[in-house]
Amino acid sequence: MPKFLLFILSIISFSVLSQNAQIDSIKSILQNQKDTTLAKSFHELTLQNTKIEDYENATLFNKKAQAQLEVTPDTNLKIFVANYTGIIHLKQNRVDSAIHVYNKLIEFIGDSPSH
């Protein structure tokens, strides 16, 4: 692949349109997932929506990831998802709520046998 084309593709990947394309692509994968892939996909949608500062959708997908982790538990992913809940709250200047999330996360990590 020519270097110029690679350069153009890298520029495009940082645009909002590219972020939206990634979001659409991930949404289409979600239809038939049964394992932690579904929770991971929702978490990825959370990350992508946070990058474009769409905190409403980031929160929506974050909640879906949390719900999916109740069905198919993954301790490490649960920690990442909870951490991102706090990040979203901080980006929305909801500091008290973020502190509450992080305190619950600390309790969860302390109670978790693998950590």
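J.: Residue-level account of the pattern of salt bridges, with values.
T.: The tally for this structure, following the rule as stated, stands at one salt bridge. A salt bridge links Lys 78 to Glu 70; the nearest nitrogen and oxygen atoms lie 3.4 Å apart. The exposed category is assigned to Glu 70, whose relative accessible area is 56%.

J.: Tell me about the environment of Thr 36, residues and numbers included.
T.: Secondary-structure assignment places Thr 36 in helix α3 (residues 36-51). Expressed as a C-alpha distance, the spacing of Thr 36 and Gln 68, which sit 32 residues apart in the sequence, is 7.7 Å.

J.: Give a description of α3 that names residues and reports values.
T.: The periodicity of an α-helix, 3.6 residues per turn, causes residues three or four places apart in sequence to face the same way. With 16 residues, α3 should reach 22 Å at 1.5 Å per residue; the first-to-last C-alpha distance of 23 Å fits that figure. Within α3, 12 of the 16 residues are buried, which leaves the element mostly enclosed by the surrounding structure. Every buried residue of α3 is accounted for by Thr 36, Leu 38, Ala 39, Ser 41, Phe 42, His 43, Leu 45, Thr 46, Leu 47, Gln 48, Asn 49 and Thr 50. At the exit of α3 stands Glu 53, carrying a positive phi of roughly 60°.

J.: Describe the packing of helix α4 (residues 55-71) against helix α5 (residues 75-91), and please don't skip the residues or the numbers.
T.: Direction vectors running N to C along α4 and α5 enclose 155°, while the axes themselves pass 10 Å from each other. Classified by the interaxial angle, the pair formed by α4 and α5 is roughly antiparallel. In this structure, α4 meets α5 at a crossing whose hand is left-handed. Taken together, the residues of α5 that come into contact with α4 (itself represented by Tyr 55, Ala 58, Thr 59, Asn 62, Ala 65, Gln 66, Leu 69 and Glu 70) are Leu 77, Lys 78, Val 81, Tyr 84, Thr 85, Ile 88 and Lys 91. Here the residues of the contact of α4 with α5 are counted per class, giving eight nonpolar, four polar and three charged.

J.: Summarise the side chain of His 43; cite the residues concerned and give the values.
T.: The residue His 43 is located in helix α3 in this model. Classification of His 43 as buried rests on a relative accessible area of 10%. Look past the residues within four positions of His 43 in its chain and what remains in contact with it is Ala 65, Leu 77, Phe 80, Val 81 and Tyr 84.

J.: Any details on the packing of α5 against helix α6 (residues 95-111)? Residues and values, ideally.
T.: Here α5 crosses α6 at 165°, and the two axes come no closer than 7 Å. Looking at the two axes, α5 sits roughly antiparallel to α6. Once α5 is placed against α6, the crossing between them reads as left-handed. Residues Thr 75, Lys 78, Ile 79, Ala 82, Asn 83, Thr 85, Gly 86, Ile 87, His 89 and Leu 90 of α5 form the contact with α6, whose participating residues are Val 95, Ser 97, Ala 98, Val 101, Tyr 102, Leu 105, Phe 108 and Ile 109. Of the residues belonging to the contact of α5 with α6, the class tally is 11 nonpolar, six polar and one charged.

Calculation criteria
- Residues numbered from 1 in each chain as written.
- Predicted model: local features only at pLDDT ≥ 70, side-chain atom pairs only at ≥ 80, totals over all residues.
- Heavy atoms only, no water.
- Salt bridge = Lys/Arg side-chain N within 4 Å of Asp/Glu carboxyl O.
- Buried < 20%, exposed > 50% of the residue type's maximum accessible area, 1.4 Å probe, protein only.
- Helix = DSSP H or I, 4+ residues; strand = E, 2+ residues; numbered from the N terminus.
- Expected span 1.5 Å × (residues − 1).
- Axes fitted to C-alpha atoms, helices over the stretch in contact; angles between N-to-C directions.
- Parallel < 35°, antiparallel > 145°, perpendicular 65-115°, else oblique.
- Left-handed = near helix turned anticlockwise from the far one by under 90°.
- Contact = heavy atoms within 4.5 Å.
- Nonpolar A, V, L, I, M, F, W, Y, C, P; charged D, E, K, R; others polar.

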